[in-house]
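# Structure at a glance
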Amino acid sequence: MKGFETNLRLQASFSPTLEFSNGFFLPQRQSLINLNLRNSNPRSSSLTMLKLFSSSASRVHHLTPAIRAGAASVDSPLFKSLSQLTGWNRRLGHRAFFCSEPTDAAADAEAVAKAAESDSEGSDSKSSSAIVPTNPRPEDCLTVLALPVPHRPLFPGFYMPIYVKDPKVLAALQESRRRQAPYAGAFLLKDDPSADPSSSTDLEKNINELKGKELLNRLHEVGTLAQISSIQGDQVILVGHRRLRITEMVSEEPLTVKVDHIKDKPFDMDDDVIKATSFEVISTLRDVLKTSSLWRDHVQTYTQHIGDFTYPRLADFGAAICGANRHQAQEVLEELDVHKRLRLTLELMKKEMEISKIQETIAKAIEEKISGEQRRYLLNEQLKAIKKELGVETDDKSALSAKFKERIEPNKEKIPAHVLQVIEEELTKLQLLEASSSEFNVTRNYLDWLTVLPWGNYSDENFDVVRAQQILDEDHYGLSDVKERILEFIAVGRLRGTSQGKIICLSGPPGVGKTSIGRSIARALNRKFFRFSVGGLADVAEIKGHRRTYVGAMPGKMVQCLKSVGTANPLVLIDEIDKLGRGHAGDPASALLELLDPEQNANFLDHYLDVTIDLSKVLFVCTANVIDMIPNPLLDRMEVISIAGYITDEKVHIARDYLEKTARGDCGITPEQVEVSDAALLSLIENYCREAGVRNLQKQIEKIYRKIALKLVREGVVAEEPAVAIDTEEAEIVTKLDVESPENDNVQENHVSSAEESEEEAQIEKVAVEKVMINESNLADYVGKPVFHAEKIYEQTPVGVVMGLAWTSMGGSTLYIETTVVEDGEGKGGLNITGQLGDVMKESAQIAYTVARKILLKKEPENKFFANSKLHLHVPAGATPKDGPSAGCTMITSLLSLAMQKPVRKDLAMTGEVTLTGRILPIGGVKEKTIAARRSQVKTIVFPEANRRDFDELAENVKEGLDVHFVDNYEKISELAFGYEDHQIQTKQEE
C-alpha cells in the first residue's frame, strides 16, 4: 500500500439523522471542510485513521471524507476490495473519524489542528468540534476516569452514548473537558452472578450502585481510551481511540485508575495467511451486503469515517458491527494478535451471515403468504363482479353472508373452534346454493341460530353478599333457607373469582313464592332471567330440539333461552318439574338428565344445532310441589330446598309489606283513602286464606281494593254528575254564541270562570269523601262469608276422638280420628274403616288395632273390649282422599280412649308412624304440621324422637308457645294422653 492522497470534504447537505454504529442516532448537518494529507510513507498512512465529530447543543457537524485514490492507491488490495464492496466511485459519506494510534502522535495532532482551523473558517461560529487539540495528548493520559460500559465494549473508531447518574463522575467529566483533557477510560462491566442477565433495568441499577473497589473488581482490565465528545444532561458521548489496560487504582470516588496504552503485536503485512483471512472477511461482508440492508448501512457509515483501512481496524470493524454478545466482543478487544483477531471476527461474521439468511427466508415466506392472500382477495372480488353481471349471484346472498360474518366478528376469539369450523363450512355452502332451493332456507336458518348465540359472552356477576341480601329481602319475606343458599353461592364465587352453574330445586306448596324468588335471585346475582314451564311436557324435542331434516324444525328450549337473554350464564327457572308428562314422543324427564347434570351439560348437544354448547355456567332453579313425583335419577342431580307454608305472623308481614302496596298501586288508591285494620287482616288470613301460600291472600286483598275503588268512583261520580251536565249545556251555548254573537270573548271568559268553579266544587266534594275503614265487622261485605271455620270442632275432646296432624300439598292441617262402638257381643270384635283412606293408611289402622289390643291386654288383662266390640274408625272429611303412615299413633290413642272410656287432653295433637312392637318412626312435614297445630290453638304436640332435629331448625316464632314432646315408644304417648289426672307427667318441654 503506497502513499495516496486523501481529500476530506464536508458536504453542505442536510441529513435528518446520524446513525452511530451501535444504533445511536443524532441530528446531522454537514458543513464544508477540506483536508489534504499526503503520506509518502505507506506505513504511516495505513496507521492513520481520521475522524472528526463536531457537535453543539442543538446539532452535530461531521466531516465527510471523499477518498480519491492516487496512482499508488490502486495497488492497495484491501482498499480496492472495499471499493468494490461498497461501489463507491464518487464522494463518500457524511462523517469522518480522527482516531490516533499510539505512533505518529505528532502527525495526528497536526492533522486535528488543521481540521479545527478549517472548520472555524467555513462553519457556523456557534458550533464546536467534537475533537479538539488537547494538552496533554492522548498518549500522555496515564491516569483516567474509569467509566463502566454495561452492554458492549467500545471499539476504537466508534461512537458510544452512555448515561452517567453519579453527579461526582459527571462533574469530573465536565471538568476534564474544560481543562482541554477530555479523555476517560471505557471498560466493559463483568456479569453479576446474583443478577438476572436478561434484565437491563437491573444492570443499570447495579452500575449506579457500584463504587470504588467494588466497581474496579467488576470491570474488565482491557478497555478503550475514549474522548468525551459531548455532554448533554446525564448523557455522555464517547469516541474510542486506543486500547488500555488497568494497572492500579488511584482514587475511589470518582474511580480513577492508572493505565497502560497497549499496542498490537507486530505482524507481517505481507503474510499470506493474514491477507487471505482479511480477504475472507471482506468477501463475507460482500455476501452480507447482498442479504441485509441494515449491514449495508453500517458498512457505508463506518467507511466514511476511515482514512485508510488496516488489518487491525478491519478486525475491529467487523467485530463492532456484528451482533456478537458482549463476551465475544470483549474477547476481540483484548486480542492483540492481529491474525487471531481477524479469525475471531471472521467467525462472528459467519454466524451473522447464517442469521441473515434465516431472516431473509422468513421475510420471503411471509411476503409470499401476504401476496397470495391479496391475490386471492382480488380474484374473489373479480369473480363476484362477474357473477353479478351474469345474474348468477344475487345481492341477497352476499348480504346474508355479510350479516352472519358481522355477527361473529366481535366474538370470533370466544367462539369454540369446532363451532367456528361449522359456521365457515355452512357459509361456503350457502354461497353455492340457489336462493330458490329449500336447502338454502334450511342453511340460512341454521346459520341464523349459530351466529346469534352468545358464544363466550357472560354477564358480570354480583359477588357483593350484602347487596344480594338487600335485594332478596326487598322482594320476599322469610324463605331464609333459599336466601342462605344463594348467599353461599355468591360467597363461593367471590372466593374463587368465578362461579359455576348449579341445579337447585325448590319444593313446596303452591303460592309460597317458588317462582317469584327465581326472578329475585337473578336480580341479586346480576344475571339474566329466563323461565319456561315443563308442566305436561311430553315431547323430548322441546328440550333437545328437532332434527334439521324435519319441516319447521326448531332448537330446544335451552338454545332459545340463550338467544333470548344474550348471555351464556343466565338463571333458568324450570317450573313445575314434578308435572312432566310422557307420551309417544319420548320421556322428557330422561332428556333433562343431560341438561341438569353438572358433569354433562358442559357439552350439551342440541339436535338442531348438532354442536355442543357449554351450559356449565348456567344456574338452574327448578320448582316442584311434590318431589315424590320427580324420577329418582333426575332428583339425584338436584339440590332440594324445601319451602314450607307461612304461619299467620309471616302472612301478616307479607300482606302489609308487599301485597297491600302492590294491590293499592294497581287499583290507583292512595294510603290516605283506605285503612285495613290488623284485626281485619288477621280474620282474613284465618277465615279465608288458611292455605300454606299467599296467592289466595293476594287475590282477596285485591278483591277488597277493587271494591273500594268502585265505591270511591261511585261516590265521586254522584257528586260530579250535575257539574258535568252544566258543563255540557254551557259548552253548547258557548259554541252557538261563538258563531252568532260578536261578543263571544266575554262569553268565553264567563265559561272559563264557570268551569273553574265547577272544578273547585268537585275537589271540595272529593276531599269530603270519608276515609274507607276495613275492620273485622265489615270484612264480609268485601270478601263474602268466611270459607274456613275452626278446625277444632270440640272444646272438650270426647271419648274415642283424637286430633292428628297431616301434611298436604297445600300445607299442614289438623284432622280428627273418631272411633265408636257399632255392636257389642261376645266374639263380635272387629274394625270397620271409612274416610276415603289409602292403602297405607288402611294398613296403619290395622297395625293400630293390633297394638291397641296388645297395650290394653297388658294394662287391663280382664278388659275384653276389643274381643267383644265391633268398632268403626272414621277420618273426616269423607270427600278428601287421605293416605300416609303418620296417623298410626293417633289411631292407637283413639282406640284406647274408647276402650278405657277416657278422653284425651283437649289441647293435644300428635303424629307418628307406629310399628307392631310400639316403636314410633319419624315422619315428614314437621314445619307444616306445627303451623297447623298453632292455627288450631293446640298447645301440646307429640313428635317422634327422630324428628327432634327437624323441629330445632324451625324459626323461633314458629316454636313459640308450644309444648312439644319427642317420643320413641308409644308408652310415653299413653302417659301424655291419659295420665294427666293420675300423676304429674315429667317430660322435656321444647321451646
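Residues numbered from 1 in each chain as written. Predicted model: local features only at pLDDT ≥ 70, side-chain atom pairs only at ≥ 80, totals over all residues. Heavy atoms only, no water.

The protein goes by Lon protease homolog, mitochondrial in an unreviewed UniProt entry, where it is assigned to Arabis alpina. Of the protein, the UniProt comment under Catalytic activity (unreviewed entry) reads exactly: "Hydrolysis of proteins in presence of ATP." The Subcellular location (unreviewed entry) field of the UniProt record for the protein holds the comment "Mitochondrion matrix". (UniProt positions renumbered as here; feature names shortened; annotations may be inferred.)

## Regarding the overall build of the protein
Of the regular secondary structure elements, the protein holds 33 helices and 33 strands. Looking at the protein as a whole, 48% of its 991 residues qualify as buried. Pairs at least 24 residues apart make up 76% of the contacts formed inside the protein by residues separated by at least 6 positions. Working note: accessible area of the protein is about 49100 Å², and carbon and sulfur atoms make up 50% of it. (Helix = DSSP H or I, 4+ residues; strand = E, 2+ residues; numbered from the N terminus. Buried < 20%, exposed > 50% of the residue type's maximum accessible area, 1.4 Å probe, protein only. Contact = heavy atoms within 4.5 Å. Areas by Shrake-Rupley, 256 points an atom, 1.4 Å probe, with all protein chains shown as cover.)

## Quick look at helix α20 (residues 588-595)
Of all 8 residues making up α20, 6 are buried, and the element is well covered by its neighbours. Within α20, burial applies to Pro588, Ala589, Ala591, Leu592, Glu594 and Leu595.

## Considering unusual backbone geometry
With the exception of glycine, most residues fall at negative phi, and the peptide bonds are largely trans. Looking along the chain, the bond that leaves Glu253 and enters Pro254 is cis, with omega of -10°. Within the secondary structure layout, Pro254 lies in the loop between β14 (235-251) and β15 (256-261). You will see that Asn526, though not glycine, has its phi angle at about 60°, which is positive. Inspection of the secondary structure puts Asn526 in the loop between α17 (514-525) and β17 (529-533). Residue Asn526 is classed as partly exposed on the basis of its relative accessible area, which comes to 42%.

## Quick look at the UniProt feature "active site" (unreviewed entry) in the protein
Look at the UniProt record and you will see "active site" (unreviewed entry) annotated at Ser886 and Lys929. Across 44 residues, the annotated set stays spatially compact, with a maximum C-alpha separation of 11.2 Å. With respect to the helices and strands, Ser886 occurs in the loop between β28 (869-874) and α29 (888-900). On the basis of relative accessible area, Ser886 is assigned to the buried category, the value being 16%. Beyond its immediate chain neighbours, meaning those up to four positions away, Ser886 contacts Leu805, Thr911, Gly912, Glu913, Ile923 and Lys929. The residue Lys929 is located in helix α30 (residues 926-935) in this model.

## Some details on the packing of aromatic side chains
Geometrically, a pair of aromatic rings is defined through the distance of the ring centres and the angle of the planes. Inspection of the entire model under this criterion finds 8 aromatic pairs. Here the aromatic rings of Phe943 and Phe951 are separated by 6.1 Å at their centres, their planes lie at 45°, and the arrangement is tilted. Across the pair, Phe951 and Phe943 agree in class, each one buried. By the ring-pair criterion, three or more aromatic residues cluster together here, those being Tyr849, Phe865 and Phe866. (Phe/Tyr/Trp six-rings, centres within 6.5 Å; stacked < 30°, edge-to-face > 60°.)

## Some points on the packing of helix α9 (residues 311-321) against helix α11 (residues 338-390)
Put simply, α9 and α11 touch, their axes get as near as 9 Å, and they point 30° apart. Classified by the interaxial angle, the pair formed by α9 and α11 is roughly parallel. Seen from above, α9 lies across α11 with left-handed handedness. Residues Tyr311, Pro312, Ala315, Asp316, Gly318 and Ala319 of α9 pack against Val338, Arg341, Leu342, Thr345 and Met349 of α11. Tallied by class, residues from the contact of α9 with α11 come to 7 nonpolar, 2 polar and 2 charged. (Axes fitted to C-alpha atoms, helices over the stretch in contact; angles between N-to-C directions. Parallel < 35°, antiparallel > 145°, perpendicular 65-115°, else oblique. Left-handed = near helix turned anticlockwise from the far one by under 90°. Nonpolar A, V, L, I, M, F, W, Y, C, P; charged D, E, K, R; others polar.)

## Some details on the UniProt feature "binding site: ATP" (unreviewed entry) in the protein
The UniProt record marks Gly508, Pro509, Pro510, Gly511, Val512, Gly513, Lys514 and Thr515 with the feature "binding site: ATP" (unreviewed entry), using the residue numbering of this structure. As for its placement among the helices and strands, Val512 is situated in the loop between β16 (503-507) and α17. Taking the relative accessible area as the measure of exposure, Val512 reaches 1% and is therefore buried. If we ignore the near neighbours within four places in the chain, the residues touching Val512 are Leu479, Ile643, Ala644, Gly645, Tyr646, Ala692 and Gly693. Note on placement: Thr515 falls in helix α17. In this structure Thr515 touches Arg531, Leu573, Asp575 and Thr623, once residues within four positions along its chain are discounted.

## Section: the pairing of strand β11 (residues 159-163)
Among the 5 residues that make up β11, 4 are buried, leaving the element largely enclosed by the rest of the structure. Here β11 runs beside β14; their pairing, made up of 5 bridges, is antiparallel. The residue bridging Met160 from the neighbouring strand is Leu238, located in β14. (Pairing = 2+ DSSP bridges.)

## Remarks on the side chain of Thr930
Structurally, the position occupied by Thr930 is in helix α30. Among all residues touching Thr930, those that are not within four sequence positions of it are Ile941, Phe943, Phe951, Leu954, Val958 and Leu962.

## Structural notes on the sheet that holds strand β22 (residues 639-642)
Spatial strand order, β17-β18-β21-β16-β22: 5 strands in an open sheet with parallel pairing. The strands lining the two open edges of the sheet, one partner per strand, are β17 and β22. Neighbouring strand axes in the sheet, compared pairwise and without regard to direction, differ in orientation by 20° on average. Pairing geometry for β16 and strand β21 (residues 619-624), over 5 bridges, is parallel. Paired with Leu506 across the bridge in β21 is Thr623. Where α17 meets the sheet, it contacts β16, β17, β18 (571-575) and β21, and its direction lies at approximately 175° from that of β18. Along the sheet, helix α19 (residues 557-565) makes contact with β17, β18 and β21, crossing β17 at roughly 150°.

## Re the environment of Val821
By the element assignment, Val821 lies in strand β26 (residues 811-824). Overall, the relative accessible area of 28% leaves Val821 in the partly exposed class. A C-alpha to C-alpha distance of 9.9 Å links Val821 and Phe866, two positions 45 residues apart in sequence. Contacts of Val821, omitting those with residues within four sequence positions, involve Phe865, Ser869, Lys870, Leu871 and Leu898.

## Points about a nonpolar patch on the surface
On the surface, Ile358, Ile362, Ile366 and Ile370 cluster together into a nonpolar patch covering about 370 Å² of accessible area. Structurally, the position occupied by Ile358 is in helix α11. (Patch = residues over 30% accessible without salt bridge, like charges linked within 9 Å, V, L, I, M, F, W, Y side chains within 5 Å. Salt bridge = Lys/Arg side-chain N within 4 Å of Asp/Glu carboxyl O.)

## Some thoughts on the pattern of salt bridges
According to the stated counting rule, one finds 32 salt bridges in the structure shown. Between Arg949 and Glu953 there is a salt bridge, with its nearest N and O atoms 3.4 Å apart. Assigned by exposure class, Arg949 and Glu953 land together as exposed. A salt bridge links Lys959 to Glu956, with the shortest nitrogen-to-oxygen separation between them at 3.6 Å. Residue Lys959 and its partner Glu956 are located together in helix α32 (residues 956-959), separated by 3 residues, close to a single helical turn. The class for Lys959 is buried, based on a relative accessible area of 6%. A single salt-bridge network, built from bridges that share partners, covers Arg243, Asp264, Asp316 and Arg341.

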